[in-house]
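# Architecture and fold: a report
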Amino acid sequence: MPFGSIILFLGLVIDRLIGDPRTRFHPVALLGNLIGFWGKTNFYPRSLERVIGILGWLVTVAVAFVPCILLWLFAPKAVFVIFSILALAFCIGWRSLEEHVVSVEDALSKGEEEGRRAVSFLVSRDTKKLTFEQIRSGAYESAAENLVDSIIAPIFWFVVFEIIFGAGIFGAVLFRCANTMDAMLGYRDERIRLGWFAARADDVLAFIPARITGILLLLIFATGAFSACGKTPVTEVKNSSPIEQSAELLPLSAEENDLLFDNPDRGYRTEHMTAVAQALQPREVWLTGASQLTVERILKK
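These remarks concern the structure in this document. (Residues numbered from 1 in each chain as written. Predicted model: local features only at pLDDT ≥ 70, side-chain atom pairs only at ≥ 80, totals over all residues. Heavy atoms only, no water.)

So, on to the overall build of the chain. Helices and strands together make up the secondary structure of the chain, namely 13 helices and 0 strands. Along the chain direction, N to C, the helices and strands of the chain fall in the order α-α-α-α-α-α-α-α-α-α-α-α-α. Going through the 301 residues of the chain one by one, you find that 47% of them count as buried. Restricting the contact set of the chain to residue pairs at least 6 apart, pairs at least 24 apart contribute 72%. Accessible surface computed for the chain: about 15,000 Å², of which carbon and sulfur atoms make up 65%. (Helix = DSSP H or I, 4+ residues; strand = E, 2+ residues; numbered from the N terminus. Buried < 20%, exposed > 50% of the residue type's maximum accessible area, 1.4 Å probe, protein only. Contact = heavy atoms within 4.5 Å. Areas by Shrake-Rupley, 256 points an atom, 1.4 Å probe, with all protein chains shown as cover.)

Relative to the helices and strands, Thr60 is located in helix α3 (residues 49–74). The class for Thr60 is buried, based on a relative accessible area of 0%. Once you skip the residues sitting within four places of it in the chain, Thr60 turns out to touch Leu31, Leu34, Ile35, Trp38, Cys177 and Met181. At 2.7 Å, the side chain of Thr60 and the backbone oxygen of Gly56 are in polar contact. (Polar contact = N/O pair within 3.5 Å; in protein donor to acceptor, adjacent residues only side chain to side chain.)

With that out of the way, let us pick up unusual backbone geometry. For Asn42, which is not glycine, the phi torsion reads 55° and is therefore positive. Locating Asn42 in the fold gives a position in the loop between α2 (27–38) and α3. A relative accessible area of 66% means that Asn42 is categorised as exposed.

Here we come to a nonpolar patch on the surface. There is a patch of nonpolar side chains on the surface, built from Val66, Ile69, Leu70, Trp72, Leu73, Phe74, Val159, Ile163, Ile164 and Phe165 and spanning about 1,000 Å² of accessible area. Looking at the nonpolar patch, the elements that each hand over two or more residues are α3 and α7 (132–165). If you tally residues by element for the nonpolar patch, the top one is α3, at 6 residues. Structurally, the position occupied by Ile163 is in helix α7. (Patch = residues over 30% accessible without salt bridge, like charges linked within 9 Å, V, L, I, M, F, W, Y side chains within 5 Å. Salt bridge = Lys/Arg side-chain N within 4 Å of Asp/Glu carboxyl O.)

The residue Glu114 is located in helix α6 (residues 112–119) in this model. Owing to a relative accessible area of 32%, Glu114 belongs among the partly exposed residues under this scheme. Distance in space between the C-alpha atoms of Glu114 and Val104 is 8.3 Å, their sequence separation being 10 residues.

Between α3 and helix α4 (residues 77–91), the least distance of the axes is 8 Å, while the angle of their chain directions is 150°. Considering their axes alone, α3 and α4 lie roughly antiparallel with respect to each other. Along its contact with α3, which presents Pro67, Cys68, Leu71 and Trp72, the element α4 presents Val79, Phe80 and Phe83. (Axes fitted to C-alpha atoms, helices over the stretch in contact; angles between N-to-C directions. Parallel < 35°, antiparallel > 145°, perpendicular 65-115°, else oblique.)

A few words now on the packing of aromatic side chains. Within this structure, the stated rule accounts for 9 aromatic pairs. Judged by centre distance (5.2 Å) and plane angle (85°), the ring pair of Phe65 and Phe170 falls under edge-to-face. Of this pair, Phe65 sits in helix α3 while Phe170 is found in helix α8 (residues 169–185), placing the two residues 105 residues apart along the sequence. The interplanar angle of 45° and the centroid separation of 5.3 Å between the aromatic rings of Phe161 and Phe165 together place this pair among those described as tilted. (Phe/Tyr/Trp six-rings, centres within 6.5 Å; stacked < 30°, edge-to-face > 60°.)

Here it is as structure tokens:
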């Protein structure tokens, strides 16, 4: 389909200009309602939860694909292009991610209680006892992980499906469905069996986009084009450990970074990805703590 680049460009423009409309009729909100309907914990027999999770995943994707398929097959091309532009804008969370993270900083200027409330929309952990630095660290973590989930991965799968099938919107919708199900069910708590497949599927779909993101960040920060929080330039960083560098360059302590980034409730992170993160860190170039820490966490997806 020759309109793929136009759809991608206009979808990004619309998301940047408008962001996500805050309404219960937002497509992703409706998708969440569907997932919430079948994704109830302690509702199914324990032995069937994994099967229900797989079937629910397939049904959710199928339901989301229905309007895409109907318009792709039967609607005039112009209508399908317009639909694809709008749907892609809903699948991407560029502006909303920025707004949520900035809102944490704005809330912190009013006090820790306001900061805790703001960061609770970004992280899944209990925020009631977080300190000022931990609240800010939660915002950094969310920005790092959601850079993949909200921007890079939807674009990646749009491009892949556009090249293969001539209908990129199916790829973006597929990833948004998978990522939403993982966000709602992919935890090591009572949802572990029901959300097992959702978490695995999200890991698979985010595997390549996460590495693309990590490499891009390494290239950006390695050039010295940015410095962390307007402080030390890249070439002046002395500590070799990403955690130590983060403590040096960011308003976060090493202990607080470690606490915030290691969330025991989030499941299915593979240990061998730590080696990938380390292998991608240049030994001859000093990177900022922000960039190294961000890249490591992204590569652990």
